[in-house]
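Understanding the architecture of this molecule
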Amino acid sequence: MRIDNNLNSMIASELQINDMATNIARVANTVADPEFQEISADLIDSIVGQIPEVISYSANAKSIETQNAVSDMLLNIKA
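First things first, this report covers the structure right here in the doc. Small disclaimer: the values here were computed from a predicted structure and weren't measured.

Quick look at the environment of Y57
On the secondary structure map, Y57 appears in helix α2 (residues 41-78). With relative accessibility at 37%, the residue Y57 sits in the partly exposed group. Counting along the chain gives 40 residues from Y57 to I17, while the straight-line C-alpha distance between them is 10.0 Å. When sequence neighbours within four positions are dropped, the list of residues in contact with Y57 reads M10 and S13.

Structure follows, in structure tokens:
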């Protein structure tokens, strides 16, 4: 596994989270109007959809940390 693959995946997750956050903000502005006080499906989908993206982002970050630790260990062994 290469670090650039993890970084690309993290960027994709970040873009997804940003899209969902924009959707939440848009829906929240609409729902703030007293005549639209019910929770919409878009809001729920955007909130729930962020959960796997955050998990994916964290997993990729942890993978990069692990790759870094392995590289450090190999450099120490070689030295």
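Concerning α2
If you check α2, its first and last C-alpha atoms are 56 Å apart, about what 38 residues at 1.5 Å a residue would give, namely 56 Å. Taken as a whole, α2 has its buried residues at L43, S46, G49, E53, N60, S63, I64 and Q67.

Definitions and cut-offs
Residues numbered from 1 in each chain as written. Predicted model: local features only at pLDDT ≥ 70, side-chain atom pairs only at ≥ 80, totals over all residues. Heavy atoms only, no water. Helix = DSSP H or I, 4+ residues; strand = E, 2+ residues; numbered from the N terminus. Buried < 20%, exposed > 50% of the residue type's maximum accessible area, 1.4 Å probe, protein only. Contact = heavy atoms within 4.5 Å. Expected span 1.5 Å × (residues − 1).

Read these as spatial facts, not as claims about activity.
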